[in-house]
Amino acid sequence: MLILVTNDDGLLAPGLRALHDAASRFGEVYVVAPEGERSGSSHAITLCEPLRVREFGPRWWGLSGTPTDCVFIAINHLLQRRPDLVLSGINRGPNLGGDVLYSGTVGGAMEATVQHIPAIAFSLVSATDDYPFSHAQPHVAHVLERVMRHGIPDGVMLNVNIPAPSLAPFRGYRVTRLGRRIYSNDVIVRTDPRGASYLWIGGTRVTMDMSPQTDSGAVHEGFVSITPLRPDLMAHEVLGKFTAFEEEDTCL
Ligand code: MN
């Protein structure tokens, strides 16, 4: 079993090491991760600048790109053969609801899905600034064990959010749908040391859908949330509503 591990918090993030260690008993683990933090990079791929790869140790590389670049370069260049499984994380913080559109952690896993390789994104949700990644490791192992046994359908990835004890005591595992998370949309304006203004996207105040079948609701109740996702962005059910767009205009 060849397992590729990436993340979006960067090569030195403790969550990356925790995921590597948890995955090690399931196969041979290779790490290709961004050299710096790339949170919020979504499914971005680097096309307009060079990518530098550096070997940091045995089966461990840093790349000057996004999580998607890491997965792409690993599969198509660095690894001797295609990985059997791609893991992304463990992210420092939640990837719930609409977060999955922005998340580099999910983006890296999604790239593997696009390449027809089973993939899982892991995130740790904490109520404080403390992120006990060792607490998340048994839950990673639990999900990996289930994936080994039951597989993941082609074209689907799993988005897993793990509650830290500071959020809620652990109560079990729940398969969920994406909840709604509404950010405050703050733009913070500050002045840099040279007197020029700069902007920072804030959005730290969040309103969440807390119904039990949602990912956000489940983690806040103490459940490890498991949400199947897919890269298909097509709005299949509304195709019929746009037939008028195909009609020729008589007045032209
Ligand atoms: Mn991150």
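Just so it is clear, the model here is predicted, and its values are computed rather than measured.

(A) Inspection of the overall build of the chain at higher detail. A count of helical and extended segments in the chain gives five helices and 13 strands. For 252 residues, the compact-globule formula gives about 18 Å, and the C-alpha radius of gyration of the chain, at 20 Å, lands near that figure. With the principal axes as the frame, the chain shows a C-alpha extent of 70 × 50 × 40 Å. Roughly 13,500 Å² of accessible area belongs to the chain as shown, and the carbon and sulfur atoms make up 54% of that amount. In the chain, 21 positive and 27 negative side-chain charges are present, and the distance between their average locations comes to 7 Å.

(B) Structural view of the pattern of salt bridges. With the rule as written, the count across this model stands at nine salt bridges. In this structure, Asp21 and Arg17 form a salt bridge, with 3.8 Å as the shortest nitrogen-oxygen distance. Placement of both Asp21 and Arg17 in helix H1 (residues 14-23) is noted, with a separation of four residues, approximately one turn of the helix. Overall, Arg17 belongs to the partly exposed group, its relative accessible area being 43%. Several salt bridges share partner residues, and in doing so they unite Glu145, Arg146 and Arg149 into one network.

(C) Geometry of the side chain of Asn95. Its location among the elements puts Asn95 in the loop between strand E5 (85-92) and helix H3 (104-114). Under the relative-accessibility criterion, Asn95 is labelled buried at 6%. A polar contact is formed between the side chain of Asn95 and the side chain of Ser123, at a distance of 2.9 Å.

(D) Structural view of unusual backbone geometry. Here Gly89 and Ile90 are connected by a cis peptide whose omega angle stands at -10 degrees. Although it is not a glycine, Asn185 sits at a positive phi angle of roughly 55 degrees. With respect to the helices, strands and loops of the structure, Asn185 is situated in the loop between strand E9 (181-183) and strand E10 (187-191). A relative accessible area of 66% places Asn185 in the exposed class.

(E) Structural detail: the packing of aromatic side chains. Tallied over the full model, the rule gives five aromatic pairs. Aromatic pair Tyr131 and Phe133: ring centres 6.3 Å apart, planes at 25 degrees, arrangement stacked. Note on Tyr198 and Trp200: the rings are 6.4 Å apart at their centroids and 75 degrees apart in plane angle, and the pair reads as edge-to-face. Residue classification places Tyr198 among the partly exposed residues on the basis of a relative accessible area of 33%. Residue placement shows Arg59 over the ring face of Tyr30; its charged tip is 5.7 Å from the ring centre. In this structure, Arg174 packs its charged tip against the face of Phe223, placed 3.9 Å from the ring centre.

(F) Highlighting H3. In terms of burial, H3 is largely enclosed, as 10 of its 11 residues are buried. Residues of H3 that are buried: Gly104, Thr105, Val106, Gly107, Gly108, Ala109, Met110, Glu111, Ala112 and Thr113. Tucked inside the fold, the buried residues of H3 contact helix H2 (67-78), E5, strand E6 (119-125), strand E7 (157-163) and strand E13 (223-229). Taking the backbone nitrogen of Thr105 as reference, a side-chain oxygen 3.1 Å away marks Ser103 as the first, capping residue of H3.

(G) Representation of the sheet that holds strand E1 (residues 2-6). Strand order across the open sheet formed by nine strands is E3-E4-E2-E1-E5-E6-E7-E13-E8, with mixed pairing between neighbours. The open sheet has two edge strands with one neighbour each: strand E3 (53-57) and strand E8 (172-175). Taken over all neighbouring pairs, the strand axes of this sheet differ in orientation by 20 degrees on average, direction set aside. As judged from the four bridges shared by E3 and strand E4 (residues 60-63), these two strands associate in the antiparallel manner.

(H) The packing of H2 against H3, seen in detail. Contact pair H2 / H3: the axes reach a minimum separation of 7 Å and the direction vectors enclose 25 degrees. One way to sum up the angle between H2 and H3 is to call them roughly parallel. The handedness of the crossing between H2 and H3 is right-handed. Across from Pro67, Thr68, Val71 and Phe72 in H2, the residues of H3 making contact are Gly104, Gly107, Gly108, Glu111 and Ala112. In terms of residue class, the contact of H2 with H3 is made up of four nonpolar, four polar and one charged.

(I) Representation of the pairing of E1 in the model. By the criterion of burial, E1 is predominantly enclosed, with five of the five residues buried. Neither face of E1 is exposed, since Leu2, Leu4 and Thr6 on one face and Ile3 and Val5 on the opposite face are all buried. As paired elements, E1 and strand E2 (residues 28-34) share four bridges and run parallel to each other. The residue bridging Leu4 from the neighbouring strand is Tyr30, located in E2. What joins E1 to E2 is H1, and the crossover it makes is right-handed. Pairing analysis gives four bridges linking E1 to E5, with the strands arranged parallel. Within the sheet, the bridge partner assigned to Leu4 lies in E5 and is Val86.

Criteria and thresholds
- Residues numbered from 1 in each chain as written.
- Predicted model: local features only at pLDDT ≥ 70, side-chain atom pairs only at ≥ 80, totals over all residues.
- Heavy atoms only, no water.
- Helix = DSSP H or I, 4+ residues; strand = E, 2+ residues; numbered from the N terminus.
- Rg over C-alpha atoms; globule rule 2.2 N^0.38 Å.
- Areas by Shrake-Rupley, 256 points an atom, 1.4 Å probe, with all protein chains shown as cover.
- Lys, Arg positive; Asp, Glu negative; His and termini not counted.
- Charge placed at Lys NZ, Arg CZ, Asp CG, Glu CD.
- Salt bridge = Lys/Arg side-chain N within 4 Å of Asp/Glu carboxyl O.
- Buried < 20%, exposed > 50% of the residue type's maximum accessible area, 1.4 Å probe, protein only.
- Polar contact = N/O pair within 3.5 Å; in protein donor to acceptor, adjacent residues only side chain to side chain.
- Phe/Tyr/Trp six-rings, centres within 6.5 Å; stacked < 30°, edge-to-face > 60°.
- Lys NZ or Arg CZ within 6 Å of the ring centre and 35° of its normal.
- Contact = heavy atoms within 4.5 Å.
- Pairing = 2+ DSSP bridges.
- Axes fitted to C-alpha atoms, helices over the stretch in contact; angles between N-to-C directions.
- Parallel < 35°, antiparallel > 145°, perpendicular 65-115°, else oblique.
- Left-handed = near helix turned anticlockwise from the far one by under 90°.
- Nonpolar A, V, L, I, M, F, W, Y, C, P; charged D, E, K, R; others polar.
- Right-handed = clockwise from strand over helix to strand, strands pointing away.

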